[in-house]
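# Summary of structural features
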Amino acid sequence: MNMVIFGATSAIAQAVARLYAKKGARFFLVARNDERLAIVAADLRARGAAQVETANADLADLSLHANLVARAQSALGALDRVLVAHGTLTNQRAAETGADVMAQEIGVNFLSAASLLTHVANVMELQRAGSIAVIGSVAGDRGRQSNYVYGSAKAGLGVFVQGLRHRMSRHGVNVTLVKPGFVDTPMTAGLAKAGPLWATPAKVAADIKAAMEGGAAILYTPWFWRWIMLIIRSVPDAVFRRTRL
Amino acid sequence: MDALHQRKDALSWGRAHHFTHHIAQPAFADELPTILKERGARPVLARGLGRSYGDSGLNADNVLIDMRALDHVRGFNPDTGVLDAEAGVTLKDILELCAQYEGRWFLPVTPGTKFVTLGGAIANDVHGKNHHGAGCFGNHVLSLRLMRSDGTVLTCSPDENTALFRATVGGMGLTGLILSARIALKSVPGLWVENEDIRYDTLDEFYALTNDSLEGWEYTVAWIDCLARGQATGRGIFSRSRHIASSRPAPPIRDPRIALPVNLPNIALNKITMAAFNALYIRRARRKPTRKAVPFDGAFYPLDAIGQFNRLYGRRGFYQYQCVIPTRVERDATRALLSEISQAGVGSFLAVLKTFGDKLSPGLMSFPMPGTTLALDFANAGASTLALLSRLDAITRAAGGRIYAAKDGRVSAADFQAGYPQWTDFARLIDPGFSSSFWRRVGAGAAA
């Protein structure tokens, strides 16, 4: 099994990779930091990966994407599994005061993923097999004052992935949109993590692997976030405006 | 960007201490120097999976560095069984790696849960049911990398930076941040174990069974009915097991199958429910040993099947008491401890008795010594619980024993220091940028 991961040093991406490493997968990992890539590559090798290749790239630079996908192909051959996991957690305040920050955040969280997916999809369409998972967010389910810039990028990505899934289904390729809830990772270090809503990266990764293999369209992980977000989407505007969500 | 976040959610396993901490949660070790700068004058302590019971893993109003994401395996040699891994790697990760390599290797020493980190296992110099043969976890650490508060990284081993190595093994995290360690896994015939459970009626029978088992059985431990009195004091179930070759497929390594989502009401555990449980539980085993082959997971980690079982003890949490009594007086002192507990009638159904062997750990502050160790939980009922534990401390101290820091949240400085006269040597090797709530309570500066 060959796997390409964009944003391979994120906590969730690493946890997913470990599950595939255990099965002897071969990897092409892309991230921005060589030292960290080397740490992750060594880890996956020890955990059973048959081969690990890495590439250092800032994925906000769309001009690199075609070449990266070509390199992944030449390193691995067929692209069986692709995980798009890169992104930044936007500082909402900064994105409100500066339109350039806003544009940059939409760029890395939406445009960059959409661009990569376009290159990847064109390869996988010809392969007529494989599975793609894209990390979205529950923040894309309803615009909220606390994070609507990030949320709108993820919402746009959600519709893009939905359409791509529609297109690719005729070619035997699965596309899954993943919407994690609260995950206990370094990215959420600022939040108190006691309580039943928090999940470990390992738990979320197990859900992602099952969805990639089973072909789910949208994965809320853990499962109860589907119902939490249904409620949040259903709150009437008049009430919602009074909340500070 | 601020690396430290003020939070109140870091609890220890006993859930009896509620502190505010400044918490950092690095994704990679390259963030640690920045965190150590940002701490200012506040001392630091590493945190793993939070399985220490009292306050030895807490650092009230100061800095905790959550090491869980620093969980990368740096290398594993399947021919020699030498594993090099970051401190946040869990024993569960290591067991999965063992299964990956056809079950030829196993943890040389494991405590009663696989949900602890490598760093935590070293910092507490944990022991297991095979102490009589294998010693402590620290006996199997080949070397470790230690980051001091000034950012320097030292390699410490039995041959290099020896004093610091000995202080770090069992050093409760106070000598610096353990970044990674090389450990020697042990060669085993397989991941299945042969297990025998034997019901016994008196403390003397426990010692007789122990002596009969030390040769042929790698792992021994006894569950005891801590409410039994008089002649029956110390009665329980003696378990012994050893690795066997098996043609069966490697057993699964399980996550908790069920979890307690909330604290149980305090009324759930009382003398009547506990006596009923103990009376039923002891009937699980026969007097004639029954031998069966079982997966190691259920045999070594029965409580891992229930997530958050610590919530059993209600909102006020609980204390675990674990002490060791030296061989010379082990029978009398153990009987005295058990009598004190059964008279109070407040023990729990998780009570464990085991003998330690005479293999010395390199750890300066390691807990085990040749003798008998007793461990059991007490729901936190406030002053009456603390008073009982102090009475147990007096028995332990008079017997020349000591308590286990990883389990403690209340021992007096005088009783702790009496058990560890080497503490003054240890205090000189502590990193000045590191501290813990426990150490401020029992170490230098605490009123002895």
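Residues numbered from 1 in each chain as written. Chains lettered and ligands numbered in written order. Predicted model: local features only at pLDDT ≥ 70, side-chain atom pairs only at ≥ 80, totals over all residues.

### Some details on helix 5 (residues 99-127) of chain A
Residues and elements named next belong to chain A. If you check helix 5, its first and last C-alpha atoms are 40 Å apart, about what 29 residues at 1.5 Å a residue would give, namely 42 Å. Within the sequence span of helix 5, burial applies to E105, N109, F110, S112, A113, L116, L117, V120, A121 and M124. Those residues of helix 5 that are buried lie in contact with strand 1 (2-6), helix 3 (65-76), strand 4 (81-84), helix 4 (92-97), strand 5 (131-135) and helix 6 (148-169). Directly beyond the C-terminal end of helix 5, a positive phi value near 60° is found at R128. (Helix = DSSP H or I, 4+ residues; strand = E, 2+ residues; numbered from the N terminus. Expected span 1.5 Å × (residues − 1). Buried ≥ 20, exposed ≤ 12 C-beta atoms within 10 Å, placed from the backbone. Contact = placed C-beta atoms within 7 Å.)

### Some remarks on the pairing of strand 5 of chain A
It is a general feature of regular strands that their side chains alternate between the two faces of the sheet. All names here are of chain A. Judged by how many residues are buried, strand 5 sits mostly within the fold: five of five residues are covered. On strand 5, burial covers both faces: S131, A133 and I135 on one face and I132 and V134 on the other are all buried. Here strand 4 runs beside strand 5; their pairing, made up of four bridges, is parallel. From the neighbouring strand, V84 faces strand 5, where its bridge partner is V134. As paired strands, strand 5 and strand 6 (residues 174-180) are joined by five bridges and run parallel to one another. (Pairing = 2+ DSSP bridges.)

### Describing the nonpolar core
Counting residues in each nonpolar core, the largest one holds 191 residues, and the members touching the most others are I5, L29 and V134 of chain A. Residues within four places of V134 of chain A in sequence aside, it is in contact with V84, A113, L117, L157, V161, L177 and V178 of chain A. If you look at the next biggest cluster of nonpolar residues, it comprises six residues, including W192, V193, F296 and F300 of chain B. (Core = buried A, V, L, I, M, F, W, Y, C linked by C-beta atoms within 7 Å.)

### A look at the confidence of the model for chain B
With 98% of its residues at a pLDDT of 70 or more, chain B has an overall mean of 93. For this predicted complex, the interface score ipTM comes out at 0.94, while the overall pTM is 0.95. (pLDDT = per-residue confidence, 0-100.)

### A look at the packing of helix 1 (residues 11-21) of chain A against helix 7 (residues 201-214) of chain A
All names here are of chain A. Relative orientation of the contacting elements helix 1 and helix 7 amounts to 60°, with a least axis distance of 8 Å. Taken as axis vectors, helix 1 and helix 7 run oblique relative to one another. Crossing of helix 1 against helix 7: the hand is right-handed. Only P201, A202, V204, A205, A206, I208 and K209 of helix 7 make contact with helix 1, whose side of the interface consists of A11, I12, A15, V16 and L19. Looking at side-chain class alone, the contact of helix 1 with helix 7 contains eleven nonpolar, no polar and one charged residues. (Axes fitted to C-alpha atoms, helices over the stretch in contact; angles between N-to-C directions. Parallel < 35°, antiparallel > 145°, perpendicular 65-115°, else oblique. Left-handed = near helix turned anticlockwise from the far one by under 90°. Nonpolar A, V, L, I, M, F, W, Y, C, P; charged D, E, K, R; others polar.)

### What to know about the interface of chain A and chain B
Contact with chain A, which involves 19 residues of that partner, is made by 20 residues of chain B. Of the residues forming the side of chain A that touches chain B, the biggest block, seven residues, is contributed by helix 2 (residues 34-46) of chain A. Classifying every residue of the side of chain A that touches chain B gives ten nonpolar, three polar and six charged.

### A word on the sheet that holds strand 8 (residues 141-147) of chain B
All names here are of chain B. Read from one edge of the open sheet, five strands run 5-6-10-8-9, paired in antiparallel fashion. Across the chains shown, the open sheet's two edge strands, defined by having one partner strand only, are strand 5 (73-77) and strand 9 (153-156). Strand-to-strand twist in this sheet, taken as the mean axis angle between neighbours without regard to direction, amounts to 10°. Inspection of the sheet shows strand 5 paired to strand 6 (residues 82-86) by four bridges, in the antiparallel sense. Within the sheet, the bridge partner assigned to N77 lies in strand 6 and is V82.

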